[in-house]
Amino acid sequence: MLAVFALILFACASEDVTQGTSVHSTVPPTARSSASNSTSGMPTTTNGDSLTTAESSTTETTGVTTAPSTTGTPSPLTATSPTTTMPTTTTTTPTTTTPTTTTLPNTHNLSIGDKFFEPTTVTISVGDTVEWTNGGDKGHTVTSGAVGNPDGLWHSGVLISGASFSQTFTTSGTFQYFCKIHGDKMEATVIVQG
């Protein structure tokens, strides 16, 4: 009986000898039948629903011990380190443009009647133009300055009925004007704000 037991033990040990290398497997003898079905020649065990491979072995010819690994992973003697790629973040600061308000020059239409200017006072901005139109039956002038003391900034000459004269104001200030023909009966003022 002892001889039969030794023969069975020898037969089991000879399955583990491959190409002169003795392999000490951690696979239990009950799982050895599934080990012969493995395509990699590695001892395998069934663990639940999944098939796992255990490869804990010692090579007697070199004395090198390898750590357990799973099929498809790099050799345990090869060191690998994970490569981490950090995402690049670009920050864009939006630019805000504040629109500038540009006031276009305006034209202010004033009337000249027989013996009056309408309105007698007008307020405008620097760069604006005042246009006077004679709506009366008689001729009139638009002359800068005070009655009896023209300052020479502008003078329209005599405007007949329906004629117009315009003046653009480029500086701020208060400007008086009058009709040279009708004197103190026709005076008015332009106020220019800047």
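Residues numbered from 1 in each chain as written. Predicted model: local features only at pLDDT ≥ 70, side-chain atom pairs only at ≥ 80, totals over all residues. Heavy atoms only, no water.

Trainee: Provide a residue-level description of the pairing of strand β11 (residues 143-146), including the pertinent values.
Mentor: When a strand is regular, its side chains alternate between the sheet's two faces. By the bridge criterion, 3 bridges tie β11 to strand β12 (residues 149-155) in an arrangement that is antiparallel. If you follow A146 over to β12, its bridge partner there is N149. Judged from the 2 bridges that link them, β11 and strand β14 (residues 173-179) form a sheet pairing that is antiparallel. Bridging across to β14, S144 finds its partner in Y177. (Pairing = 2+ DSSP bridges. Helix = DSSP H or I, 4+ residues; strand = E, 2+ residues; numbered from the N terminus.)

Trainee: Which residues make up the nonpolar core, and what values go with them?
Mentor: Formed by 19 residues in total, the largest nonpolar core has its most connected members in F117, W132, V142, W154, F169, Y177 and V190. Elements with a contribution of two residues or more to this core: β7 (107-113), β9 (121-125), β10 (129-134), β14 and β15 (183-193). No other element matches β15, which puts 4 residues into this core. Not counting the four nearest positions on each side in its chain, W132 is found in contact with L110, I112, F117, V142, W154, A163, S164, F165, Q167, F169, Y177 and V190. (Core = buried A, V, L, I, M, F, W, Y, C linked by side-chain atoms within 4.5 Å. Buried < 20%, exposed > 50% of the residue type's maximum accessible area, 1.4 Å probe, protein only. Contact = heavy atoms within 4.5 Å.)

Trainee: Give a description of the packing of aromatic side chains that names residues and reports values.
Mentor: For the coordinates displayed, the defined rule picks out 7 aromatic pairs. The interplanar angle of 75° and the centroid separation of 4.8 Å between the aromatic rings of F117 and Y177 together place this pair among those described as edge-to-face. With a gap of 60 residues between them, F117 in strand β8 (residues 116-118) and Y177 in strand β14 connect regions that are remote in the sequence. Both residues of the pair, F117 and Y177, belong to the buried class. When the centroid spacing of 5.4 Å and the interplanar angle of 45° are considered together, the rings of F169 and F175 count as tilted. (Phe/Tyr/Trp six-rings, centres within 6.5 Å; stacked < 30°, edge-to-face > 60°.)

Trainee: Account for the sheet that holds β11, with residues named and values stated.
Mentor: Spatial ordering of the open sheet is given by β9-β15-β14-β11-β12, a layout of 5 strands whose pairing is mixed. Both outer strands of the open sheet, β9 and β12, are each paired with one neighbouring strand and no more. Along the sheet, successive strands turn relative to each other by an average axial angle of 35°, direction set aside. (Axes fitted to C-alpha atoms, helices over the stretch in contact; angles between N-to-C directions.)

Trainee: Outline the pairing of β14, supporting the account with residue identities and numerical values.
Mentor: Inspection of the sheet shows β14 paired to β15 by 7 bridges, in the antiparallel sense. By the bridge assignment for β15, G173 is matched with V192. Between β14 and β15, which pair antiparallel in sequence order, lie 3 residues.

Trainee: Tell me about unusual backbone geometry, residues and numbers included.
Mentor: Across the junction of E118 and P119, the peptide omega takes the value -5°, indicating a cis bond. By secondary structure assignment, the location of P119 is in the loop between β8 and β9. Positive phi, close to 75°, is recorded for K115, a residue that is not glycine.

Trainee: Which residues make up the side chain of H140, and what are the values?
Mentor: Counting through the fold element by element, H140 comes out in the loop between β10 and β11. According to the relative accessible area criterion, H140 is buried, its value standing at 0%. Of note is the side chain of H140, whose polar atom sits 3.4 Å from the backbone oxygen of G113. Among the polar contacts made by the side chain of H140, one reaches the side chain of H182 at a distance of 3.0 Å. (Polar contact = N/O pair within 3.5 Å; in protein donor to acceptor, adjacent residues only side chain to side chain.)

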